[in-house]
Every structure is written in C-alpha cells, then in structure tokens.
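Chain residues, written in single-letter form:
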Amino acid sequence: MKNSNKTTSSLDTYLLEAKNITHNFDYPLFEDINISLEKKQTIAIIGISGSGKSTLLNIFCSLLTPNHGEVLYADQNIFNISTKSLLDIRRKDFGIIFQAHYLFRGFDANENLEIASLLTGNTVDQELLNKLKIDHVMTQGVGELSGGQQQRLSIARVLTKKPKIIFADEPTGNLDTQTALEVMDVLFDYVELNNAGMILVTHEEEIAYRCDKVYKLNNNKLEQLK
Ligand SMILES: Nc1ncnc2c1ncn2[C@@H]1O[C@H](COP(=O)(O)OP(=O)(O)O)[C@@H](O)[C@H]1O
Ligand SMILES: [Mg+2]
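For every chain, the first residue of its written sequence is number 1, and the numbers climb from 1 along that sequence. Working convention: letters from A go to chains and numbers from 1 go to ligands, in the order in which they are written. This being a predicted model, a pLDDT of at least 70 is required before a residue's local features are given, and a value of 80 or more before pairs of side-chain atoms are given or counted; all residues contribute to the totals for chains, interfaces and linings.

1. Considerations on the overall build of the protein chain
Now for step 1: Secondary structure assignment for the protein chain yields seven helices and ten strands.
Now for step 2: Here the radius of gyration uses the C-alpha set of atoms, whereas the globule reference equals 2.2 Å times the residue count to the power 0.38. A globule of 226 residues ought to have a C-alpha radius of gyration of about 17 Å, and the protein chain, at 18 Å, matches this closely.
Now for step 3: By its C-alpha atoms, the protein chain is 55 × 40 × 30 Å across when sized along the principal axes.
Now for step 4: Here contacts are defined at the residue level, using C-beta atoms placed from the backbone and a cut-off of 7 Å between them. If you take every contact in the protein chain between residues at least 6 apart in sequence, the share linking residues at least 24 apart comes to 69%. Every helix listed is a DSSP run of H or I at least four residues long, and every strand listed is a run of E at least two residues long, numbered separately from the N terminus.

Structure follows, in structure tokens:
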C-alpha cells in the first residue's frame with residue numbers, strides 16, 4: 001500500500017488541503033487552485049465582487065463539489081467519502097459562517113445556541129457571549145434582534161460547536177467598524193486557543209492582512225499577496 005510506512009499523517013501538518021481545484025459555471029470561474037491550512041493558521045481570500053470567492057469557500061467547506069480537484073481533511077478527500085462521514089465532519093469539525101445566517105426564527109437566541117451544544121456535546125460559553133456583546137439579548141426571539149446581533153449570534157452558535165476549521169464568508173459584513181474588529185478578535189482568539197484554523201473571505205483589506213496568509217482571487221487564479 002502506498003505510504004503505508006509513514007509515521008505521521010498529513011493531518012499532523014495540515015488541517016485542510018485543497019488541490020487543483022477547478023470550477024466552471026457557464027464560464028470558467030477558476031482553475032488549478034491550491035491551498036493548505038495549518039493548525040493555528042488563518043487565511044484570507046480577497047477579490048472583487050463576482051470573482052468567485054464565495055464559490056471557492058463553498059468548495060473548501062464541502063458544500064459544493066468542484067468540477068476538478070480534491071479537498072483533503074483528515075487524510076480523506078471530502079468529495080469521496082460516505083454521506084454519513086461528510087455530515088459528521090460538517091456537524092462537528094467544520095464551522096461555517098455565512099453572510100446570510102441560518103438561525104431558527106421560531107426560537108429565542110438561547111435556544112439557537114442550545115441546538116449547537118446538543119448536537120456536539122459542548123456547553124455554551126458565557127464568556128463568548130459577553131465578548132460578542134449578545135449576553136443581554138439571549139432570551140429574545142431571533143426576529144427581535146438587529147442584523148448585527150443575529151450575525152454575532154450565528155458566530156456564537158458556530159463557535160459553540162468547537163469546530164476545527166472556521167469557514168467565514170464576510171462574517172463582519174453587517175457590523176460597524178468597531179464591532180467588526182471585536183468580532184474578528186473573537187475569531188482569531190478562538191483559532192489560537194483551540195488549535196483550529198480559519199479561511200476567511202472578506203473585502204476588507206485591513207481585516208485580511210491580520211491573517212497569516214492573504215490570497216487574491218483574480219483572473220481565475222489565486223495569487224498569494226502575503
Ligand atoms: N450556483 C450558481 N450557478 C451559476 N452561477 C453562479 C452560481 N453561484 C455563483 N455563480 C456565479 O459565479 C460568479 C462568482 O460568484 P461568487 O462566488 O458568489 O463571487 P464572490 O463571492 O467573489 O462575489 C458570479 O458571476 C455568480 O453569478
Ligand atoms: Mg461572495
């Protein structure tokens with residue numbers, strides 16, 4: 001068997017590896033994209049609107065199967081494993097933060113977090129709620145929260161799962177500058193304290209350059225800027 005005598009798995013080095021990713025819709029969107037994410041590492045992807053950032057992030061986090069290429073997590077190509085294994089990874093290991101937050105609107109803020117803690121067996125971290133400044137709105141219904149509060153609640157819900165990798169698409173899009181910086185602090189601290197990793201899509205260069213690596217999606221290619 002190939003590599004049967006290796007003593008370390010690539011998981012010791014990389015949390016996630018994407019290899020030769022190519023995707024087209026009606027036209028080629030990007031081709032031969034390669035990245036690797038290590039523990040405690042953060043990667044930013046910037047690029048103009050329509051360049052394919054969200055599509056690429058959807059591929060990295062398993063929600064979209066690319067035309068070509070593979071994404072390796074725990075030594076396995078996530079597009080080549082059983083549905084059950086993939087759902088398990090998405091539920092427990094991947095923390096996906098989107099622009100549109102999928103909160104349960106018939107429930108209050110607390111109940112939305114309890115769902116994440118029930119699914120993964122982790123407790124809700126009050127400190128996290130304080131840092132995100134939503135500790136005082138936890139008994140309110142989702143519909144009574146402002147857009148920014150809903151966004152922070154969805155971030156709290158994702159972090160409550162204790163994911164290994166955070167995939168975030170414009171996570172601070174709805175927030176004022178000060179709150180955005182505080183929310184990013186929470187995400188960067190989470191990665192550092194939990195040996196996790198993060199791939200962040202943003203159009204804000206200042207936030208992007210706080211990451212360890214910065215890539216720009218341009219002319220169908222991913223160009224490394226940092
Ligand atoms: N499911 C889809 N089907 C067809 N075209 C799509 C689909 N999703 C995105 N696109 C197109 O792909 C391009 C890149 O979109 P997107 O990844 O959302 O870019 P970005 O996040 O950089 O703004 C856009 O032109 C968009 O219209
Ligand atoms: Mg987008």
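From this point, things continue past the structure.
2. A few points about the pairing of strand β1 (residues 14–24)
Now for step 1: Two strands make a pair as long as DSSP finds a minimum of two bridges between them. In the sheet, β1 pairs with strand β2 (residues 28–38) via seven bridges, with the strands oriented antiparallel. Bridge pairing in β2 links Leu16 to Leu37.
Now for step 2: The turn joining β1 and β2, which pair antiparallel and follow one another in sequence, is formed by three residues.
Now for step 3: By the bridge criterion, five bridges tie β1 to strand β4 (residues 68–73) in an arrangement that is antiparallel. Residue pairing in the sheet places Leu16 in a bridge with Tyr73 of β4.

3. Things to note about the site of ligand 1
Now for step 1: Taken together, the neighbourhood of ligand 1 is formed by Phe25, Leu29, Gly47, Ser49, Gly50, Ser51, Gly52, Lys53, Ser54 and Thr55.
Now for step 2: The element that contributes the greatest number of residues to the shell around ligand 1 is helix α1 (residues 53–60), accounting for three residues.
Now for step 3: Of the residues assigned to the shell around ligand 1, the class counts are two nonpolar, seven polar and one charged. By convention here, the C-beta atom is placed from the backbone, and a residue is near a molecule or strand when that atom is within 6 Å of it. Put simply, Ala, Val, Leu, Ile, Met, Phe, Trp, Tyr, Cys and Pro go in the nonpolar bin, Asp, Glu, Lys and Arg in the charged bin, and everything else, Gly too, in the polar bin.

4. Side note on the sheet that holds β1
Picture the strands of a sheet paired through backbone hydrogen bonds; they go either parallel or antiparallel.
Now for step 1: Ordered by their spatial adjacency, four strands build an open sheet running β2-β1-β4-β5, and the pairing between neighbours is antiparallel. In this open sheet, the two strands that pair with only one neighbour each are β2 and β5 (76–77).
Now for step 2: Judged from the two bridges that link them, β4 and β5 form a sheet pairing that is antiparallel. Bridging from a neighbouring strand, Leu72 pairs with Asn77 of β5.
Now for step 3: Between the N-to-C directions of two axes lies an angle of 0 to 180 degrees, each axis being a line fitted to C-alpha atoms and, for a helix, fitted only over the stretch in contact. Packing against the sheet, α1 makes contact with β1, β2 and β4, and its axis sits at approximately 130° to β1.

5. Focus: the sheet that holds strand β6 (residues 94–97)
Now for step 1: With mixed pairing, the six strands of this open sheet are ordered in space as β6-β7-β8-β3-β9-β10. In this open sheet, the two strands that pair with only one neighbour each are β6 and β10 (221–224). Direction aside, the axes of adjacent strands within the sheet are offset by 20° on average.

6. Notes on the nonpolar core
Now for step 1: Nonpolar core, as used here: buried Ala, Val, Leu, Ile, Met, Phe, Trp, Tyr and Cys residues forming one set through C-beta atoms within 7 Å. To assign burial, the other C-beta atoms lying within 10 Å of each residue's own C-beta are counted, with C-beta atoms placed from the backbone; 20 or more indicates buried, 12 or fewer indicates exposed, and intermediate counts indicate partly exposed. Of all hydrophobic cores here, the largest spans 59 residues; its most connected members are Ile43, Ile45, Phe60, Ile166, Phe167 and Ile199.
Now for step 2: If we skip the residues at most four places from it in the chain, Ile43 touches Ile35, Leu37, Ile199, Leu200, Cys211, Asp212, Lys213 and Tyr215.

7. Let's talk about unusual backbone geometry
Now for step 1: In this structure, Asp75 is a non-glycine residue whose phi angle is positive, near 70°.
Now for step 2: Mapped onto the secondary structure, Asp75 falls in the loop between β4 and β5.
Now for step 3: Even without a glycine there, the phi angle at Lys162 is positive, about 55°.
Now for step 4: Looking at where Lys162 falls in the secondary structure, it is placed in the loop between α5 (147–160) and β7 (165–169).
Now for step 5: Given 19 C-beta atoms within a 10 Å radius, Lys162 is considered partly exposed.

8. Quick notes on α5
Now for step 1: One fewer than the residue count of a helix, multiplied by 1.5 Å, yields its expected span. Look at α5: 20 Å from first C-alpha to last across 14 residues, which is about the 20 Å you get at 1.5 Å a residue.
Now for step 2: With twelve of 14 residues buried, α5 is to be regarded as a mostly interior element.
Now for step 3: Residues of α5 that are buried: Gln149, Gln150, Gln151, Arg152, Leu153, Ser154, Ile155, Ala156, Arg157, Val158, Leu159 and Thr160.
Now for step 4: Looking at the buried positions of α5, the neighbouring elements they touch are β6, α3 (109–120), α4 (126–131), β7 and α6 (177–193).
Now for step 5: Once α5 ends, the next one or two residues include Lys162, with phi positive near 55°.

Everything listed is a geometric property; what it means functionally is a separate question.
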